[in-house]
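Observations on the model geometry
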Amino acid sequence: MNGSKDIFSTIFSAGTFQMMLRSATPVALAAIGGSMTEHAGIMNIGMEGMILMGAFFGVLGSFLAQSAFAGLALALLVGILAGLFFALLVVRYKSDEFIIGCALNTFAIGLTTYLARNYFPGDASGNPNLPELNLAFLDRIPGLRVINHQSVLVYLTWIIVILAWLFVYKTPYGFWLRASGEKPDTLRTAGISPKKMKWIASVLCGILCALAGAHLSLGQLQGTFTDNMSNSRGFIAFACVIFAAAHPGKAYLAALMFGFFEAIGLRLQGFVSSDLTGMIPYLITIVMMVYVVVRKQRRKMKNE
Amino acid sequence: MKQNEAVVRFEHISMQFPGVLANDDICLEIRKGEVFALIGENGAGKSTLMNILYGLQKPSAGALWIKGKRVEEFDPRIVIDQGVGMVHQHFMLVPSFTVAQNIVLSREPRKHKIFFDNAAAEEAVRKLERDYGLTVPESTPVEEISVGLQQRVEILKALCKGAEILILDEPTAVLTPQETEELFTVIRGIVREKDMTVIIITHKLDEVMAISDRVGVMRKGRLVGVHETRDVDTRMLASLMVGRPVLFEELERSGTPGAPALRVEKLCVSDQRGLPAVRGLSLELRAGEILGIAAIEGNGQSELIEAITGLIPIRSGRVEVLGKDVTGREPGEIREAGLAHVPEDRLATGLSGAATVAENLLVGKQREPRFNRFRIHQDRRAVRSYAEEVYERYDIRGAGVDALAGEMSGGNMQKVVIAREFSFDTPVLIISQPTRGVDVGAIEFIHSRVMEKRNQGAAILLSSADLDEVFRLSDRIITLFEGEITGSFRAGEIGKEELGLYMTGSRRQGGTAE
């Protein structure tokens with residue numbers, strides 16, 4: 001009796017929600033980036049690699065310049081390059097996006113692991129990390145405490161969600177972006193290059209994934225890089241994109257759900273084996289995908 | 001501007017594609033305020049010429065003038081600015097966008113410089129609707145409106161961009177007769193009242209006569225004639241299109257029906273949803289005769305044919321080919337028994353678009369010893385020379401036997417399917433929709449081939465949505481309604497109108513329907 005009450009209060013404590021926001025952020029950022037490429041009609045599974053590179057180069061920049069913001073800048077630069085490289089192969093040279101995505105992921109693991117061994121022979125921790133927001137008045141309002149003391153990128157993500165939503169659904173450019181994926185020839189005959197929109201989407205995705213990676217290493221882990229630290233978040237982000245039908249707001253909510261279960265998993269480690277709790281986010285991902293398939297089937301039935 | 005002034009001038013335009021000269025030295029003037037029809041067989045180069053005018057393709061040689069200005073850069077954006085609009089055969093609309101969002105695409109009204117102004121877009125569309133007397137549901141997603149309305153949206157889209165010269169690429173291909181009539185009313189209206197120039201690409205000659213002022217005929221990439229529509233008739237246009245007189249006269253029949261070759265007894269078949277599609281149908285087909293099936297789409301004719309050829313399971317009943325029971329056999333075994341099949345959908349089941357013409361012609365014969373060395377190694381030279389011979393014999397026109405089948409025009413794809421199936425020389429032929437979406441010249445060719453097979457003694461079961469075709473080819477005609485035979489007639493025994501009564505089930509042989 002007593003034990004179950006403990007589990008319950010542990011799960012629904014302020015700490016869980018704080019952790020939820022923190023863990024949801026990298027997935028959310030990548031998912032918003034993935035929404036861009038998804039709208040442009042590119043199946044982008046290369047987000048995993050883009051996040052990992054963002055995470056590493058964030059730490060590297062932070063270490064070299066002894067400034068977290070320099071790290072952030074280097075991560076962004078690498079993100080732009082990764083996006084350009086992806087677009088070059090997928091859009092310009094029409095390679096198979098699935099293969100290129102896989103290649104990017106594999107390349108990212110190799111590159112970051114190799115460079116990490118070179119630059120950080122011991123361990124890559126303790127580098128300057130991104131600051132946290134600290135507004136004293138938030139602590140005094142019950143319930144709002146959880147949104148205080150978060151890394152700056154958590155807050156930036158909220159702004160990005162709104163901007164991305166405005167961009168996709170409320171600006172002419174968003175219409176072009178969606179048309180470039182849904183009916184590229186239509187856009188072309190209207191006199192706008194669908195390829196250009198795909199290039200832009202790839203670069204935006206690169207930038208957002210780099211931010212996701214930078215949050216992971218410079219924010220969440222406070223200046224630490226570990227091998228393969230993206231740990232499938234790119235794939236979970238991809239699941240969020242599909243789940244949210246590439247709607248940035250819904251993708252954020254899907255990422256929050258993921259964050260919530262990751263937080264629970266971490267919290268439950270005191271009660272259950274961590275091998276089991278670590279499974280929770282991935283199980284949720286599977287459930288999400290099953291839901292997507294069921295939804296699609298239902299719609300198909302309705303149309304028939 | 002006065003009448004007869006040239007708004008578009010093609011000067012010695014040529015377009016070379018790999019292996020095909022799509023446009024060959026075209027000189028043509030389009031006059032302001034006219035409806036100009038551009039006709040030609042599939043693959044004659046009409047669409048290429050119009051794609052050049054719309055800036056989608058740059059000609060390999062020649063000059064294009066629009067409203068007295070030479071086009072230097074071939075880019076839709078620039079050409080659109082000069083007043084050219086195009087309604088493509090396959091609509092260029094984004095399904096999830098609303099009508100208004102589609103119409104203003106690329107020229108969206110904005111607020112605060114960066115935001116899409118949906119209200120202004122819808123207002124602009126309403127203004128267009130008033131100006132041109134065309135109504136559309138401006139805030140409905142395009143995927144929810146009918147094909148006829150989608151076309152109207154396409155026309156408004158062109159007008160919204162200030163089009164004065166409107167190109168319509170096969171606009172009636174997807175329309176019902178009523179929608180076609182409405183479209184023509186719209187065209188007449190915009191030409192008369194708004195001084196627009198309309199270029200309409202088609203191969204339906206009745207429509208040329210109904211709507212156009214002048215007509216240009218293309219054949220094998222060349223412009224072979226430009227005429228005032230009132231000076232020509234459909235027969236003359238058909239001959240110009242094909243390059244020789246198109247007779248469409250009685251096809252010669254010889255021989256008398258022989259022994260039964262295909263027998264179907266009390267056949268019952270279900271459709272995809274498991275509902276009865278063919279209900280206890282029996283028929284007998286003799287060697288040397290063509291039995292035509294006349295039925296409205298969805299009355300069991302497709303299932304009947306797929307069941308006979310072994311593509312879908314049979315519930316009950318019996319199918320015999322040359323006296324051999326093939327009920328429930330695999331398609332391959334049924335073919336072995338002496339049957340070949342031209343399926344109704346050439347792209348889905350008739351051929352593989354991603355394979356070459358030669359490969360498509362070979363299918364079914366690939367195991368024959370003459371194409372194989374040591375039984376395992378394909379003899380490419382033998383395949384190639386065989387394919388080339390068939391290609392020649394069936395008058396297939398395209399970029400040769402090594403080109404991808406999917407890149408050919410519809411008429412030529414159909415010829416590939418027919419060539420392959422006919423070359424099995426089977427006693428029984430099942431032919432479904434032999435000329436759907438095929439041009440006049442190819443239709444005539446295919447018909448004469450079918451008749452030739454009949455005269456050589458093949459038993460042919462023909463199903464076609466084109467009643468004229470059924471009448472022209474068949475020795476006997478049966479009507480199907482809801483999976484049952486409602487009437488059986490000898491050729492010449494019944495007229496089209498009367499046949500329609502049997503096709504709709506309002507009359508049945510052996511007493512009227514309930």
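Residues numbered from 1 in each chain as written. Chains lettered and ligands numbered in written order. Predicted model: local features only at pLDDT ≥ 70, side-chain atom pairs only at ≥ 80, totals over all residues.

Comments concerning the overall build of chain A
Each helix and strand in chain A was counted, giving 14 helices and zero strands. In chain A, the succession of α and β elements from N to C terminus is α-α-α-α-α-α-α-α-α-α-α-α-α-α. Against the compact-globule benchmark of 19 Å for 304 residues, chain A has a radius of gyration of 20 Å, which places it among compact chains. Overall, chain A is about 65 × 55 × 40 Å in size when its C-alpha atoms are taken along their principal axes. Expressed as a percentage of its 304 residues, the buried residues of chain A come to 49%. (Helix = DSSP H or I, 4+ residues; strand = E, 2+ residues; numbered from the N terminus. Rg over C-alpha atoms; globule rule 2.2 N^0.38 Å. Buried ≥ 20, exposed ≤ 12 C-beta atoms within 10 Å, placed from the backbone.)

So, the interface of chain B and chain A
Chain B puts 18 residues into the contact, and the matching count from chain A is 13 residues. Among the secondary structure elements, those contributing two or more residues to the side of chain B that touches chain A are α2 (76-81) and β8 (115-116) of chain B. With three residues, the top contributor of residues to the side of chain B that touches chain A is α2 of chain B. When the residues that make up the side of chain B that touches chain A are grouped by side-chain class, the tally is 11 nonpolar, four polar and three charged. (Contact = placed C-beta atoms within 7 Å. Nonpolar A, V, L, I, M, F, W, Y, C, P; charged D, E, K, R; others polar.)

Concerning the environment of Ala238 of chain B
Residues and elements named next belong to chain B. Relative to the helices and strands, Ala238 resides in helix α8 (residues 234-242). According to the C-beta neighbour criterion, Ala238 is buried, with 21 such atoms within 10 Å. A C-alpha to C-alpha distance of 17 Å links Ala238 and Ile200, two positions 38 residues apart in sequence.

Quick word on the nonpolar core
All names here are of chain A. Counting residues in hydrophobic clusters, the biggest one holds 238 residues, and the most contacted among them are Ala31 and Cys240. In terms of residues, this core owes the most to one element, helix α10 (residues 194-220), which gives 15 residues. Among all residues touching Cys240, those that are not within four sequence positions of it are Val27, Ala31, Ala251, Ala254, Ala255 and Phe258. (Core = buried A, V, L, I, M, F, W, Y, C linked by C-beta atoms within 7 Å.)

Describing the sheet that holds strand β2 (residues 20-31) of chain B
All names here are of chain B. Ordered by their spatial adjacency, four strands build an open sheet running β2-β1-β4-β5, and the pairing between neighbours is antiparallel. Across the chains shown, the open sheet's two edge strands, defined by having one partner strand only, are β2 and β5 (69-70). Two strands pair when backbone bridges link them, and strand β4 (residues 61-66) and β5 are joined in this way by two bridges, in the antiparallel orientation. Of the residues in β5, the one forming a bridge with Trp65 is Arg70. (Pairing = 2+ DSSP bridges.)

Focus: unusual backbone geometry
Residue and element names in this part refer to chain B. Unusually for a residue other than glycine, Ser106 sits at a positive phi of about 80°. Here Ser106 lies in the loop between α3 (99-104) and β7 (110-111). Judged by C-beta crowding, with 19 C-beta atoms within 10 Å, Ser106 ranks as partly exposed. A positive phi angle, near 45°, is found at Lys220, a position not held by glycine. By the secondary structure assignment, Lys220 is in the loop between β11 (214-219) and β12 (222-228).

Brief notes about the pairing of strand β23 (residues 476-481) of chain B
One face of the sheet, then the other: side chains in a regular strand alternate in exactly this way. Residues and elements named next belong to chain B. Summarising burial for β23: five of the six residues are buried, a large majority. Here four bridges tie strand β15 (residues 290-294) to β23, and the two strands are oriented parallel to one another. Paired with Ile293 across the bridge in β23 is Ile478. Of the pairings in the sheet, the one linking β23 to strand β24 (residues 484-490) comprises six bridges and is antiparallel in character. Within the sheet, the bridge partner assigned to Arg476 lies in β24 and is Arg490. Connecting β23 to the next strand, β24, in antiparallel fashion are two residues, including Glu482 with a positive phi near 50°.

Focus on the sheet that holds strand β22 (residues 459-463) of chain B
Residue and element names in this part refer to chain B. Ordered in space as β18-β21-β22-β15-β23-β24, the six strands form an open sheet in which the pairing is mixed. For this open sheet the edge positions go to β18 (339-342) and β24, each flanked by a neighbour on one side alone. Pairs of neighbouring strands in the sheet enclose a mean axial angle of 15°, with direction left out of account. Here β18 pairs with strand β21 (residues 428-432) via four bridges, running parallel. By the bridge assignment, Leu339 is partnered in β21 with Val428. Of the strands in this sheet, β15, β21, β22 and β23 touch helix α9 (residues 301-308), which is tilted by about 150° from β21. (Axes fitted to C-alpha atoms, helices over the stretch in contact; angles between N-to-C directions.)

Purely geometric stuff here, so don't read any function into it on its own.
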